[in-house]
Amino acid sequence: MVKKVTIYDIAKVLNVTAATVSRALNNNKNISESTKKLVLETAEKMNYEPNKLALALKSGKSNNIGVIVPRINTNFFGSVIRGIEDELNPSGYHIIICQSHNDETKEINNIESLINSQVDAIFLSTSSKSSKQFEKILKKNIPLIFFDRKKTMDGVSSVTIDDFAGGYMATKHLIDQGCRKIAHLASGDFEIEIFRDRHEGYKQALQDNGIDYREDYVLHTNSKIEEGKTAVAQLFELEDKPDAIFSSSDFVALGAIQELKARNIKIPEEVAVIGFANEPFTNFEELSISTIDQFPVEMGKMTAKVFLEQMDASQNIKIDKKVVMEPKLIIRKSSKK
């Protein structure tokens, strides 16, 4: 393993003090131009790299932003990250990506690691049911910005879509297609706001159209294809089977469609299906899937803009910005009769 070159190594070669090398590297006005030039040339020859953590501790700024997502292997979170990078890179910021895998303990560990890495801010799509661990971020005066999955907290900004509206418009679309027995596959715990809000939108659309809400039509799943298959198998054990499915995940919707096809159930004639997130595969399947677009790239850019706005503001001004973006209904073959 190659030993990393330090300012002490450079000082030894030039027969000067480490303090002189440090001042020269930091362009101190008390160091002569000839000494600065000699130190810089020697540092380059010796492949010296500054200790970024030490510099961050000294300056109070690392130019690194921590981003925590449940998982990166979805187009939605990958696109959010792309939007964040597109907006932050021109300002000299870089991002450190962490995955929580929908595990609260892993999320807490991610937060600890990012704090220890001296990040300038944390952008978080949370999988946690409580808010206690976020207090540590705020006590360290590290800006915290929620995106997509949030907790409502004073002094913390967030960028989300209107999940209630998304759930409402998805369910209303199925009703407009003539469906009256609409099941809801809730791909997350209702203690997480986005899944609760989508469910509330579903309930409200039923109520506004004179359709009774049925507990046996609401199933909790994880956002996986296999869980959509299992959910359909469970729903079709009911005596009164549904004629439509609203899933709060495109992956679960895909699994539901695969299971319906395996049972020779016609889509959308017998059962209409709509998902949520507008993952790329929804438009490339033989049976394209209706969904709700969340505009993830724009969400990422807006999250970064909220942070940059906070950095530009006076330190005496506390910005607490709640940005709510409008979702869009995308109608495709799986639900259009």
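All figures in this text were calculated on a predicted structure; none of them were measured in a lab.

**Thoughts on the overall build of the protein**
Then step 1. A count of helices and strands for the protein gives 12 helices and 12 strands.
Then step 2. Dimensions along the principal axes, computed over C-alpha positions, put the protein at roughly 90 × 45 × 30 Å.
Then step 3. The burial tally for the protein puts 48% of its 337 residues in the buried class.
Then step 4. For the protein, contacts bridging at least 24 residues in sequence account for 70% of all contacts bridging at least 6.
Then step 5. Summing over all exposed atoms, the protein offers an accessible surface of approximately 17100 Å²; the carbon and sulfur share of this is 48%.
Then step 6. Positive and negative side-chain charges of the protein, numbering 45 and 47 respectively, have mean locations separated by a distance of 7 Å.

**Side note on the sheet that holds strand 3 (residues 121-124)**
Then step 1. Across the sheet, 6 strands lie side by side as 2-1-3-4-5-11; this open sheet has parallel pairing. Where the open sheet ends on each side, the last strands, each with one partner, are strand 2 (94-99) and strand 11 (322-325). Between one strand axis and the next, the sheet turns by 15° as a mean value, whatever way the strands run.
Then step 2. Bridge analysis of strand 1 (residues 64-69) against strand 2 gives 6 bridges, and the strand direction is parallel. Note on strand 2: the bridge partner recorded for Val67 is Ile97.
Then step 3. Lying over the sheet, helix 12 (residues 296-312) contacts strand 1, strand 3, strand 4 (144-147), strand 5 (157-161) and strand 11, oriented at roughly 165° with respect to strand 5.

**Remarks on the side chain of Thr282**
Then step 1. Residue placement: Thr282 occurs in the loop between strand 9 (272-274) and strand 10 (291-293).
Then step 2. There is a polar contact of 2.9 Å between the side chain of Thr282 and the side chain of Arg332.
Then step 3. Apart from residues lying up to four places away in sequence, Thr282 is in contact with Asp250, Ser288, Ile289, Thr291 and Arg332.

**Side note on the packing of aromatic side chains**
Then step 1. Throughout the structure, instances matching the rule amount to 9 aromatic pairs.
Then step 2. Ring geometry for Phe246 and Phe276: centres 6.4 Å apart, planes at 45°, overall tilted. With Phe246 in strand 8 (residues 244-247) and Phe276 in the loop between strand 9 and strand 10, this residue pair connects regions lying 30 residues apart in the sequence.
Then step 3. Through a chain of ring-to-ring contacts, the aromatic side chains of Tyr202, Tyr213, Phe246 and Phe276 assemble into a single cluster.

**Looking at the pattern of salt bridges**
Then step 1. For the structure shown, the criterion picks out 11 salt bridges.
Then step 2. Between Glu112 and Lys136 there is a salt bridge, and its shortest N-O distance comes to 2.8 Å. Taken as a pair, Glu112 in helix 6 (residues 104-116) and Lys136 in helix 7 (residues 134-139) lie far apart in primary sequence, 24 residues in all.
Then step 3. In this structure Glu112 comes out as partly exposed when scored by relative accessible area, which is 29%.
Then step 4. It is possible to trace a salt-bridge network through shared partners that takes in Lys181, Arg214, Asp216 and Asp240.

**As for the pairing of strand 8**
Then step 1. Both faces of strand 8 are covered, namely the face carrying Ala244 and Phe246 and the face carrying Ile245 and Ser247.
Then step 2. Relative to strand 8, strand 6 (residues 182-186) is paired through 4 bridges, and the arrangement is parallel. When the sheet's bridge partners are listed, Leu185 is paired in strand 8 with Ser247.
Then step 3. Pairing of strand 8 with strand 9, which is carried by 3 bridges, proceeds in the parallel orientation. When the bridges of strand 9 are listed, Ala244 appears paired with Ala272.

**Things to note about the nonpolar core**
Then step 1. Formed by 62 residues in total, the largest nonpolar core has its most connected members in Leu88, Phe123, Ile245, Leu260 and Phe307.
Then step 2. With 7 residues, helix 11 (residues 250-262) is the largest single contributor of residues to this core.
Then step 3. Excluding its chain neighbours within four sequence positions, the residues that come into contact with Phe123 are Ile65, Gly66, Val67, Ile68, Ile84, Leu88, Ile145, Phe147, Thr303, Ala304 and Phe307.
Then step 4. Counting 15 residues, the second largest nonpolar core, distinct from the first, contains Ile68, Val119, Leu144 and Phe146.

**Some words on the sheet that holds strand 8**
Then step 1. The parallel open sheet is built from 4 strands, whose spatial order is 7-6-8-9. Bordering the open sheet on either side are strand 7 (218-220) and strand 9, each of which pairs with just one other strand. Neighbour-to-neighbour, the strand axes of the sheet open up by a mean angle of 15°, direction not taken into account.
Then step 2. In this structure, strand 6 lies alongside strand 7, joined through 3 bridges in parallel fashion.

**Re the environment of Lys37**
Then step 1. With respect to the element layout, Lys37 can be found in helix 3 (residues 33-45).
Then step 2. Here Lys37 falls in the exposed class, since its relative accessible area comes to 54%.
Then step 3. Distance from Lys37 to Ala24, taken between C-alpha atoms, is 8.2 Å for residues 13 residues apart in sequence.

**Some remarks on the environment of Leu14**
Then step 1. Along the chain, Leu14 falls in helix 1 (residues 7-14).
Then step 2. Contacts of Leu14, omitting those with residues within four sequence positions, involve Leu38, Val39 and Thr42.

Criteria and cut-off values
Residues numbered from 1 in each chain as written. Predicted model: local features only at pLDDT ≥ 70, side-chain atom pairs only at ≥ 80, totals over all residues. Heavy atoms only, no water. Helix = DSSP H or I, 4+ residues; strand = E, 2+ residues; numbered from the N terminus. Buried < 20%, exposed > 50% of the residue type's maximum accessible area, 1.4 Å probe, protein only. Contact = heavy atoms within 4.5 Å. Areas by Shrake-Rupley, 256 points an atom, 1.4 Å probe, with all protein chains shown as cover. Lys, Arg positive; Asp, Glu negative; His and termini not counted. Charge placed at Lys NZ, Arg CZ, Asp CG, Glu CD. Pairing = 2+ DSSP bridges. Axes fitted to C-alpha atoms, helices over the stretch in contact; angles between N-to-C directions. Polar contact = N/O pair within 3.5 Å; in protein donor to acceptor, adjacent residues only side chain to side chain. Phe/Tyr/Trp six-rings, centres within 6.5 Å; stacked < 30°, edge-to-face > 60°. Salt bridge = Lys/Arg side-chain N within 4 Å of Asp/Glu carboxyl O. Core = buried A, V, L, I, M, F, W, Y, C linked by side-chain atoms within 4.5 Å.

Keep in mind that these numbers describe shape and distance, not what the molecule does.
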